[in-house]
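Inside the fold
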Amino acid sequence: MKEKIWLSSPHLTGEEQKYVKEAFDTNWVAPLGPNVNGFEQEICNYTGTKHCSVLVSGTAAIHLGLLLLDVKQDDQVICSSFTFSASVNPICYLKAIPILIDSEKDTFNMCPKLLEIAIKNSIAKGKKPKAIIIVHLYGMPSKMDEIIGISKKYSIPVLEDAAEAIGSTYKGKAMGTMTEIGIYSFNGNKIITTSGGGALVSNNKEFIKKAIFLATQARDNAPHYQHSHIGYNYRMSNIVAGIGRGQLEVLNDRVKARRSNFEYYKKRLSSIKEITFTDEPKEFYSNRWLTTILTGSYKIREKIRLTLEKENIEARPLWKPMHLQPIFKKYPSYINGTSEDLFNRGLCLPSGSNLSNIDLQRVVDCIKKSF
Ligand SMILES: *Cc1c(COP(=O)(O)O)cnc(C)c1O
């Protein structure tokens, strides 16, 4: 069996261990300490946002983000349908109601037209949605001008799920920083990893203060343990934050490598007429977390995927939309067919920043062989 080529595997530098060792040497083995503070400051510096709280996961960050936006039972929360389930699950933790919105074709992200229709419809029925979660899928920025315009017009706050999009920008601004709240993920498969982890960012100081309060069991200011809120144990460990500090130092290199994977595939495969690549609209800059291709049909996609699988190469269909998921299909949705089509015809190719040219060549040869 040939060596496995992964879709997106962790890519460490070794420098992470300097920060981890420091934590051990100074006995900061706790969910607070110099690496936690340092990592937060460095995320702020990198993204150009004012405040940050690092947490155990991106999912925890979305959960806290919705609490900060005062989402409660039976509130409506609008969310992209074309995403990973972790974008929607926290809405359900709060017993709120997800309203799922389909994609537009240029970026695969939330369609602004359907977003506005959904808002108008909810308002007409007497209930304004409490928040909007937009997702920058595979690192591609959403159509921010349109979405922020709608958010302002109807005064509904936006949470940017930038779990896949740290290092991406829109008109020069970092994803996650253009609305009320942004979140990042440092899970093992993301562009930089801490094994598991996440962050919540905002320019609103009170939000971050409250996020840290809620993430550390909501302790009131008293010498004994006193609580007047339900709390969570969501703070990132100082060990894990050390890995993050090392990883953030090389994020720009990781973006470069992933973008160069995209160019490599595009150059060698776009002559095949059954395969198309999605270019960035002007002033959209994607970290190209995963390179995605669209094939001519479900049958062709499966043929390519299975040929790769036989060669021990991991490739996956694009996300299955939430409105088609057994657990979420009962919720209201606004659908134009785009995400279902992307799910049927799309494929994510191996995209790690640690892939060699030999690996990439193997993937390309195998795809060509499947025709
Ligand atoms: C990975 C991911 C998350 C969840 O982040 P975790 O750190 O794994 O909890 C949320 N949304 C999207 C779009 C993701 O890809």
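Our subject in this report is the structure included herewith. (Residues numbered from 1 in each chain as written. Predicted model: local features only at pLDDT ≥ 70, side-chain atom pairs only at ≥ 80, totals over all residues. Heavy atoms only, no water.)

Attention shifts here to the sheet that holds strand β10 (residues 275-277). The four strands are arranged β10-β12-β15-β13 in an open sheet whose pairing can be described as antiparallel. In this open sheet, the two strands that pair with only one neighbour each are β10 and β13 (316-317). Inspection of the sheet shows β13 paired to strand β15 (residues 346-349) by two bridges, in the antiparallel sense. By the bridge assignment for β15, P317 is matched with L347. Each of β10, β12 (291-295) and β15 is contacted by helix α9 (residues 251-269), which is oriented at about 145 degrees to β10, the strand it contacts most. Strands in contact with helix α10 (residues 298-310) are β10, β12, β13 and β15; relative to β15, the strand with the most contacts, it is inclined by about 25 degrees. (Pairing = 2+ DSSP bridges. Helix = DSSP H or I, 4+ residues; strand = E, 2+ residues; numbered from the N terminus. Contact = heavy atoms within 4.5 Å. Axes fitted to C-alpha atoms, helices over the stretch in contact; angles between N-to-C directions.)

As a structural note, the neighbourhood of the ligand is formed by 15 residues, with T59, D161, E164, S185 and K190 the closest of them. Take E164: an N or O atom from its side chain is 2.5 Å from an oxygen atom of the ligand. Interatomic distance of 3.5 Å between a backbone N/O atom of G197 and an oxygen atom of the ligand. Out of a free accessible area of 380 Å², the ligand has 95% covered by protein chains. (Near = heavy atom within 4 Å. Polar contact = N/O pair within 3.5 Å; in protein donor to acceptor, adjacent residues only side chain to side chain. Areas by Shrake-Rupley, 256 points an atom, 1.4 Å probe, with all protein chains shown as cover.)

Moving on: the sheet that holds strand β7 (residues 173-174). Across the sheet, three strands lie side by side as β7-β6-β11; this open sheet has antiparallel pairing. Either end of the sheet is taken by a strand with one partner, and the two such strands are β7 and β11 (284-285). Both strand β6 (residues 169-170) and β7 contribute to a ladder of two bridges, which runs antiparallel. By the bridge assignment for β7, T169 is matched with A174.

Moving on: empty space enclosed by the protein. Inspection of every chain in the model, using the stated rule, returns two cavities of 30 Å³ or more. One number sums up the size of the largest cavity: a volume of about 90 Å³. In terms of residue class, the lining of the largest cavity is made up of six nonpolar, five polar and one charged. Per-domain counts for the lining of the largest cavity show at least three residues from each of domain 1 (16-248) and domain 2 (251-369). Of the volumes computed, that of the second largest cavity is approximately 40 Å³. Taken together, S9, P10, H11, K190, I191, I192, T193, Q247, R254, R258 and S353 make up the full set of residues lining the second largest cavity. (1 Å grid on protein atoms, 1.4 Å probe; cavity = no way out; pocket = protein on both sides within 12 Å on 5 of 7 lines; lining within 4 Å. Points joined across faces, edges and corners; volume = space filled by probe spheres on them. Nonpolar A, V, L, I, M, F, W, Y, C, P; charged D, E, K, R; others polar. Domains from an automatic or database assignment.)

You will see that D74, though not glycine, has its phi angle at about 70 degrees, which is positive. Turning to its location among the elements, D74 is positioned in the loop between α3 (58-68) and β2 (76-80). Among the residues examined, D74 registers a relative accessible area of 43% and is labelled partly exposed. Positive phi, normally seen in glycine, also occurs at K95, with a value near 60 degrees. Mapping K95 onto the fold places it in the loop between α4 (89-93) and β3 (97-101). The class of K95 is exposed, set by a relative accessible area of 55%. (Buried < 20%, exposed > 50% of the residue type's maximum accessible area, 1.4 Å probe, protein only.)

All right, on to the nonpolar core then. Ranked by internal contacts, the top residues of the largest apolar core, which has 56 residues, are I43, I78, I132 and F186. Broken down by element, this core gets its largest block of residues, five residues, from helix α6 (residues 144-154). Formed jointly, this core draws a minimum of three residues from each of two domains, domain 1 (16-248) and domain 2 (251-369). When sequence neighbours within four positions are dropped, the list of residues in contact with F186 reads F39, I43, I166, I192, T193, T194, S195, G196, G197, G198, A199 and M236. (Core = buried A, V, L, I, M, F, W, Y, C linked by side-chain atoms within 4.5 Å.)

Let us now look at the pattern of salt bridges. In total, this model carries 21 salt bridges according to the counting rule given. Ionic pairing is found between K18 and E15, a salt bridge with its closest N-O pair at 3.8 Å. Under the relative-accessibility criterion, K18 is labelled partly exposed at 43%. Bridged by salt links that share partners, the residues D70, K72, D75 and K130 form one connected network. (Salt bridge = Lys/Arg side-chain N within 4 Å of Asp/Glu carboxyl O.)

Right, let's talk about the environment of G172 for a bit. You can see G172 is positioned in the loop between β6 and β7. Taking the C-alpha atoms as reference, G172 lies 25 Å from S87; in sequence the two are 85 residues apart.

By the definition in use, this model includes ten aromatic pairs. Measuring from ring centre to ring centre gives 5.2 Å for F39 and F186, while their planes differ by 50 degrees; the resulting arrangement is tilted. With F39 in helix α2 (residues 34-47) and F186 in the loop between β8 (181-185) and β9 (198-202), this pair connects stretches of sequence that are 147 residues apart. The same class applies to F39 as to F186, namely buried. With 6.5 Å between their ring centres and 90 degrees between their planes, Y264 and Y265 make a pair best called edge-to-face. Of the residues examined, Y264 reaches a relative accessible area of 11% and is grouped as buried. What makes Y265 buried here is its relative accessible area of 0%. Here the aromatic cluster, defined as three or more aromatic residues joined through ring pairs, consists of F84, Y138, W289 and W319. Taking the ring centre of W6 as reference, the NZ or CZ of K4 above it sits at 4.8 Å. Sitting above the plane of the F262 ring, R288 keeps its charged end 3.5 Å from the centroid. (Phe/Tyr/Trp six-rings, centres within 6.5 Å; stacked < 30°, edge-to-face > 60°. Lys NZ or Arg CZ within 6 Å of the ring centre and 35° of its normal.)

Functional significance is not addressed by these values, which are geometric in nature.
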